[in-house]
Structures are given as structure tokens and as C-alpha cells.
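Breakdown of the fold
In case you want the letters, here they are:
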Amino acid sequence: MKYDVIVVGAGLAGLVATVEMADAGKKVLLLDQEPENYLGGQAWWSFGGLFLVDSPEQRRLGIKDSRELAWQDWLGTAGFDREDDQDYWGKKWAEAYVDFAAGEKRSWLHKMGVRFFPVVGWAERGGHLATGHGNSVPRFHIVWGTGPAVVAPFERKVREYIKSGLVQYFPRHRVDHLLKENGAVVGVAGSVLIPSTTDRGEDTEREIIDYFEYQAQVVLVASGGIGGNHDLVRKNWPERLGPPPKHMLSGVPAHVDGRMLAITEEAGGRIVNRDRMWHYTEGIKNWNPIWSNHGIRILPGPSSIWLDAKGKRFPVPNLPGFDTLSTLEAIQKTGYDYSWFILTEKIIEKEFALSGSEQNPDLTGKSIRKVLARALPGAPEPVQAFMDKGEDFIIANNLQDLVDGMNRLTGENLLNYKEIEYQIKARDRELDNKFTKDLQVTAIRGHRNYLGDKLIRVAPPHKILDPKNGPLIAVRLHILSRKTLGGLQTDLSGRVLDSSGQPIPGLYAAGEVSGFGGGGVHGYRALEGTFLGGCLFTGRTAGRAIVDEIG
């Protein structure tokens, strides 16, 4: 069979691009190193959050959003400072993406069958000035059905095209080289890996049983980032964030290994913004791991007391859910790569959510009854499972026992009970009045002015050490690897550029491997809900551009 296009990577970006090209009647070869049941890649495991601007869901909740406000937030968050070079195309992609999120993104997805949970989340709240980092308003739209429901409409169409013959899909085909002739990319060569029957997400074997070579007019690289390759993460770790973590948990499966970045660079593609990455600071060890070193991110509300490894409270803006990158820098500069939450039962039952489709069976399973059960007393079932079985959780009836348990867990005896008691008592005294100088308390009260937070996300302000608020809970938090913010530099069509800024004929990229557009659409920081959205947008854009190119 003669192929028009070869797509490397069957994650969300690759699936979206494949659908766009097959819709136009193009013959597509879709290759992926993992088994067929891994179709959808990281997106399948995601919480399914999407960044939308001025949506019906926002308007119903009284949220006044606009394209102008979103662009203001994006610029303040990204901090583009390499605009003449590495950020040139990333910034152009960013503006195009904000237009997409404020325009046809929701209607396009709605036509594909995607629906949204009615309460909009408020991620990355910032904590700086209006022109600084963060979302000024809630924009995190959770897909009803989470990550699998984002993947489903595109997987369904790809499978229909496989049946009709327009698409051929070869799992366990690992691309090792891009083939070039006269300066143009004309195909791929690689290794056929031993068949695997592992469950989705588990580490797979890399034994080679055969080799392949295929040619096409265009190759689209959509192979993801480096989050599962901790050696590569550490190699690219920026000095500005302190020393790289000696210990990290993996928020993505092992196949997110960054291989195609080096392979594409060898073929002439330019990688930019290698030092920009997005890792979470609220990781906990999965008591029931799927992949190696599997960590889960806590999606926290704003009320937990956040302490460094020595028990010192982090200053503003390093509060739960406010500024991930600032908090990552603060943690790494302590010389330790873990930190602590201290909270109450009242806080955990309302404010703790866990990222990942498998950690949200109510939303993933589209069960209204189970979603409503979140309003009942007690922690959600997945959170309770971590409280019961997770090694990072300590529960005690008084602060002395809690601190003793924290010291036993690490074996480092870094925490002083009196110092921690003093800090928490000082914070609790700030609740005796309606006014306060503690900006975390101010933020909690302010967030409850938003109906979505008041209903399901932010606990009423209360004193941590008051026994009536339930037992005390401490959670050890690890650094959790996740996203690559830099990548292959691409123009606004998704064409991969070389070191001189010229497109490499026959070569495109989409998704995380391209920094979600242009080699770094996010700059230094992300507003959340923009990773899945970046895969959707770059996959769609590149797919359509390829159709236009090959006619």
C-alpha cells in the first residue's frame, strides 16, 4: 500500500491528525511502539481538563471571561523572553491557541460528542499581580468521562478508517530513524517489538523481533515528551529551579521516553526551550501502581498548610493550587525534594481530588449518582484508599503524634513540634476576625465567593488545631514528573524547522514533542487544561496543513 502520510505516535495528537487527514481521503500509516490497547497514550490517563474561554459553563456560574483576559493571563504566565529566537513561534502558537479556546474549540468538540461537567475548576490561581502568572477566573473544564472520553471520538473514527482501509495501524512498531532524500524526509525505519499482552500503561518489553521501513510524502511526529525518562529530565533541568531532584515519581508511563526528539534532531529538526518543563509538587506514591514508580498528583484546594521538609511554612505565592513552578523552585532550593501538607478531615473530604481517569471512577464512568456522593461526609473513595493504604499519609488525633509520625516516615527527624505548633496556632488566630494579614486565609475566603468552589472545592475556613474539625492529617509530597514544555520548533502549520529556521520538507510535528506548538507554546508556565488542548489543536492544525500541502 502506498501511504500519503506516516504518523509516529498514537496518542491524542496523532489520532486527531490521522482523523483530519483520513477525513480528506488521505492514506495514513499510524505507528506506535506500544500495544494496541495503549491507543490514546497519556491522554487516556488524564483527568480530562480543558482550557476554554467564555464558555456556557462559565457564564452559567457567573464567570465573566474574555479572549482579552485569557491572553493577558497567558502572557503573564508564559513569561516569553526569547521572542527573537526560541519563543518566536511558540508565542504565535499561543495566540492562535487562545483564539481557538475562545472560539470554535468547544463547538468542534461538542460535535464530536464531548460533554463537560457543569462546575468549572480554578487551576493555577496565581497569587501575583494582574499581569502575572495564573488564571484570573476558573477555566478548567472537566470532560464528562475524563481522559477516555476525550480520546474516544477520535479513536472511534480512526478504527472506522482502519476498517475502510484508509488507515493502517501498526502497534509495537518503534521508529528508530527518519529517512531523508535530497534534504526531504521521505519515510521511517525502525524495529518491530515483541508482542505484548500487558495491561494499558504497564511497562512493556523492548525485545526486537524484526525491522521495517516505510515511505510516504510526509511524516508527522507525535510521539510525546520526556516525562517518563528521569535521566533526560535531570539532564535538561534548569539551574534556576535549584538542583534536579534525586528522587521523583513518574506521572506518566515509561514509554514517554523522549526518543523521537533525539531522532528528529538527528534528521535536522531544531529543539528549543529544552530547559522548560512542568512537573508537579504534590505527588504521592500510588499504593496500587500501574507503571514503574507510579505517582498520583493531588489536585488541592487552597486550605492545607504547606511546609518544607524542615517544617517551615512556604510563603505566598507558594500555596496549594496557586503557582506550581514557583513552589517547585522553593522546594528544590531547600536541598530536599519533598514537602508536607498538614490539614484536617474537613479539608480532605472537600478539597482533595486526585488527577487521573482511574482515580475518578465517578466522572470517568459518567455516574451522576456517584458524583453526587462526593457531597456526603467523608473523603471520596479514591482519596480514602490512599488514606488507608498510601505510605505518604499520616493520621493522628493531636499535633504531637502527627509530627512524631512524620519524622518516623522520613527517618530524618527534621521536624520540630514546637515550631510547627507555633506556625499553625498563629494561622488559626487569624480566623478570630473577618479581617486578616494571612494571605492564605484571605484567599480561602475569596475563593468561596465563587459558587463552584463553595459547593465542592473549598472548605469553610476553620482552625486546624480545633479537635471538632476531625483528626489531623499529614501528607508527604514528592516531585512528580509530567510535561515537556520545550520541543521541536514548528511554524504555524506544524512544519518542523531546522537550525536556520527553514521548514524541513516532508516533516511535521504535533503535541508534546513540539512543545504543544512552536517548540514552547506555554513559555515557562502552564495555565492547566492546555496540554490535552494543545494536542487537540496541534494535531488538528498539522493534519489540515498536510492535507493542503499534498493536495
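Below you will find a few notes about this structure. As the structure is a computational prediction, the values presented were derived from the model and not from experiment. (Residues numbered from 1 in each chain as written. Predicted model: local features only at pLDDT ≥ 70, side-chain atom pairs only at ≥ 80, totals over all residues. Heavy atoms only, no water.)

1. Looking at the overall build of the chain
Helices and strands together make up the secondary structure of the chain, namely 19 helices and 20 strands. A globule of 551 residues ought to have a C-alpha radius of gyration of about 24 Å, and the chain, at 23 Å, matches this closely. With respect to the three principal axes, the spread of C-alpha positions in the chain is 75 × 50 × 45 Å. Going through the 551 residues of the chain one by one, you find that 62% of them count as buried. For the chain, long-range pairs separated by at least 24 residues make up 77% of all intrachain contacts whose partners lie at least 6 apart in sequence. Approximately 21200 Å² of the chain is accessible, and the part contributed by carbon and sulfur atoms is 50%. Here the chain holds 66 positive side-chain charges and 68 negative ones, and the gap between their average locations is 5 Å. (Helix = DSSP H or I, 4+ residues; strand = E, 2+ residues; numbered from the N terminus. Rg over C-alpha atoms; globule rule 2.2 N^0.38 Å. Buried < 20%, exposed > 50% of the residue type's maximum accessible area, 1.4 Å probe, protein only. Contact = heavy atoms within 4.5 Å. Areas by Shrake-Rupley, 256 points an atom, 1.4 Å probe, with all protein chains shown as cover. Lys, Arg positive; Asp, Glu negative; His and termini not counted. Charge placed at Lys NZ, Arg CZ, Asp CG, Glu CD.)

2. Structural notes on the environment of Lys463
If you trace the backbone, Lys463 turns up in the loop between α18 (451-456) and β17 (472-484). Sequence-wise, Lys463 and Arg429 are 34 residues apart; in three dimensions their C-alpha atoms are separated by 8.0 Å. Residues in contact with Lys463, not counting those within four places in the same chain, are Arg427, Asp428, Leu431, Asp432 and Asn469.

3. As for the nonpolar core
Ranked by internal contacts, the top residues of the largest apolar core, which has 144 residues, are Trp74, Phe154, Ile342 and Val475. The next biggest cluster of nonpolar side chains, apart from the first, holds 16 residues, and it includes Phe140, Ile142, Leu299 and Val371. (Core = buried A, V, L, I, M, F, W, Y, C linked by side-chain atoms within 4.5 Å.)

4. Some words on the packing of aromatic side chains
Inspection of the entire model under this criterion finds 26 aromatic pairs. Aromatic pair Trp306 and Phe341: ring centres 5.0 Å apart, planes at 75 degrees, arrangement edge-to-face. Residue Trp306 is located in strand β13 (residues 305-308), and its partner Phe341 is located in strand β14 (residues 338-344); the two are separated by 35 residues in the primary sequence. The exposure classification of Trp306 matches that of Phe341, with both residues buried. (Phe/Tyr/Trp six-rings, centres within 6.5 Å; stacked < 30°, edge-to-face > 60°.)

5. Quick look at the side chain of Thr77
Within the secondary structure, Thr77 sits in helix α4 (residues 67-78). You can call Thr77 buried: its relative accessible area is 2%. Within polar-contact distance, the side chain of Thr77 engages the backbone nitrogen of Gly134 at 2.9 Å. Not counting the four nearest positions on each side in its chain, Thr77 is found in contact with Gly132, His133, Gly134, Arg525, Ala526 and Leu527. (Polar contact = N/O pair within 3.5 Å; in protein donor to acceptor, adjacent residues only side chain to side chain.)

6. A closer look at the packing of helix α1 (residues 12-23) against helix α7 (residues 146-164)
At a minimum axis separation of 9 Å, α1 and α7 run at an interaxial angle of 45 degrees. Accordingly, the angle class assigned to the pair α1 and α7 is oblique. The way α1 lies across α7 gives a crossing that is left-handed. Counted together, Leu12, Leu15, Val16, Thr18, Val19, Ala22 and Asp23 of α1 and Val150, Val151, Phe154, Glu155, Lys157, Val158 and Tyr161 of α7 form the full contact between these two elements. Among the residues making up the contact of α1 with α7, the classes are represented as ten nonpolar, one polar and three charged. (Axes fitted to C-alpha atoms, helices over the stretch in contact; angles between N-to-C directions. Parallel < 35°, antiparallel > 145°, perpendicular 65-115°, else oblique. Left-handed = near helix turned anticlockwise from the far one by under 90°. Nonpolar A, V, L, I, M, F, W, Y, C, P; charged D, E, K, R; others polar.)

7. Examining the packing of helix α5 (residues 88-102) against helix α19 (residues 531-550)
For the pair α5 and α19, interaxial distance at closest approach is 11 Å and the crossing angle is 100 degrees. As the angle between them shows, α5 and α19 are arranged roughly perpendicular. Along its contact with α5, which presents Trp93, Ala96, Tyr97 and Phe100, the element α19 presents Gly533, Gly534, Phe537, Thr538, Arg540 and Thr541. A breakdown of the residues in the contact of α5 with α19 according to their chemical character gives five nonpolar, four polar and one charged.

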